[in-house]
Amino acid sequence: MLQKQGWRPRRTIIFCSWDAEEYGLTGSTEWVEENREMLSTRAVAYLNIDVSVVGPVLLPSTTPQLDELLLETIKLVQDPDNSSQTVYDSWVKANASPKIQRLGNGGSDYAAFVQHVGIPSTNLIFGEGPGYPVYHSLYDDFVWVEKFADPGFRRHVAAASIWGIMALRLADEEIIPFDYMSYTTELEAYTKVVEKETEGTTVSCSPLYNSIRALKKAATKVNSERKDIQRELSSKQLSKDSMRIRGLNDRLMQAERAFTNREGIFKQAWYKHLIYGPSEQNDWDTASYPGIADAIATARSSNTSASWKLVQHEVHRVARAVAQASAVLSGSLT
């Protein structure tokens, strides 16, 4: 309908449908590996829907710079089960402390995008995710969805609305709607966990805290720069095609890539993202700082000086990645 009215997206939208998800995310992984160079230089974001509707409550997952966009979007979409409130209202009411989940597990097709290339991503589910009663059974079919999971398909409409609004904003806004301040909050929380788990050892988390402070400073600077440019755009002082906008967008897009490392995480080299990845013990479990987590598990088992030095090495690797992300975001490294 938008196209018939003459609309064209500012950025290309690619629609994907993956084969062989159940056999190790084969379709999406092969496509990401084959197109890695293009994705690394040009992909803004990946929006995933797998188990879209199996119940009433939204269970969102994102990489942190998309938190604010997600929250703004679900405040616009009507709750499919209560027209007097939004999806955001029902999400808050259903959770004592509503939390956006992260994308470090191997549970769906976002894995290759986030964990192999470093592309900001989301995953949307209405319901209880893989825990719903008929999951992967003979009864997991259209009839069950129509009669029990979503009579009238109102929740599907809400899921499509969230998906679509986020896609349109990511495709059309002059400045990509990323906010890296959420990332700094998450990284500080993860670092406190590492600090607690390495208490009484020779491991120091100071390098991580220092790099997170630098990222917070860069994120604050970028948010201020965004406001200045938006003010100039609204007053017609700046063209929508200005190189200043292009430069800012490149930094916003590439900062996530900086969290990846060519050598990959400890013991799992295919996974390049040093902040989010699967646990070595459980592919379905999201690990924060997966390389550090795996090194700590090894050190606890062997409890040697060398194994704890390896934990410190992993801490330094993550700290360098965070410092690199802050350099990309601030424009001192592009």
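- You'll find the chain entered in an unreviewed UniProt entry as Aminopeptidase NAALADL1, with Aegilops tauschii subsp. strangulata given as the organism.
- If you open the UniProt record of the chain and go to Cofactor (unreviewed entry), you find "Zn(2+)".
- Taken verbatim from the UniProt record of the chain, the Subcellular location (unreviewed entry) comment is "Apical cell membrane".

### Considering the packing of aromatic side chains
Here comes step 1: A full pass over the atoms with the stated rule returns 13 aromatic pairs.
Here comes step 2: When the centroid spacing of 6.0 Å and the interplanar angle of 50° are considered together, the rings of W18 and F113 count as tilted. Remark: F113 occurs in helix α5 (residues 110-117) and W18 occurs in the segment before α1 (26-34); sequence separation between them is 95 residues. By the burial criterion, W18 is buried, and F113 matches it.
Here comes step 3: Plain terms: the ring middles of Y190 and Y289 are 5.8 Å apart, the flat faces sit at 85° to each other, and that makes the pair edge-to-face. Taken together, the positions of Y190 in helix α8 (residues 181-197) and Y289 in the loop between β5 (286-288) and α11 (290-302) put the pair 99 residues apart, joining distant regions of the chain.
Here comes step 4: With a relative accessible area of 11%, Y190 lands in the buried category.

### Focus: unusual backbone geometry
Here comes step 1: Its identity is not glycine, yet A20 carries a phi of approximately 55°, on the positive side.
Here comes step 2: On the accessibility criterion, A20 (32% relative accessible area) is partly exposed.
Here comes step 3: Unlike most non-glycine residues, N303 shows phi in positive territory, near 50°.
Here comes step 4: With respect to the helices and strands, N303 occurs in the loop between α11 and α12 (305-330).
Here comes step 5: Among the residues examined, N303 registers a relative accessible area of 56% and is labelled exposed.

### Structural notes on helix α7 (residues 154-172)
Helical geometry: 3.6 residues make up each α-helical turn, so side chains three or four residues apart lie on a common side.
Here comes step 1: The end-to-end C-alpha distance of α7, which contains 19 residues, comes to 26 Å, matching closely the 27 Å that a straight helix rising 1.5 Å per residue would cover.
Here comes step 2: Three or more residues of α7 are buried, namely R155, A158, A159, I162, M166, L170 and A171.
Here comes step 3: Against β1 (46-53), α3 (67-74), α4 (87-94), β3 (121-126) and α6 (142-149) lie the buried residues of α7.

### Some words on the pairing of β1
Here comes step 1: Counting buried residues in β1 gives six out of eight residues, a clear majority hidden from the surface.
Here comes step 2: With five bridges connecting them, β1 and β3 associate as parallel partners. For I49, the partnering residue across the bridge sits in β3 and is L124.

### Observations concerning the side chain of S52
Here comes step 1: For S52, the location among the structural elements is in strand β1.
Here comes step 2: Here S52 is in contact with L124, I125, F126 and H156, once residues within four sequence places are set aside.

About the criteria used
Residues numbered from 1 in each chain as written. Predicted model: local features only at pLDDT ≥ 70, side-chain atom pairs only at ≥ 80, totals over all residues. Heavy atoms only, no water. UniProt positions renumbered as here; feature names shortened; annotations may be inferred. Phe/Tyr/Trp six-rings, centres within 6.5 Å; stacked < 30°, edge-to-face > 60°. Helix = DSSP H or I, 4+ residues; strand = E, 2+ residues; numbered from the N terminus. Buried < 20%, exposed > 50% of the residue type's maximum accessible area, 1.4 Å probe, protein only. Expected span 1.5 Å × (residues − 1). Contact = heavy atoms within 4.5 Å. Pairing = 2+ DSSP bridges.

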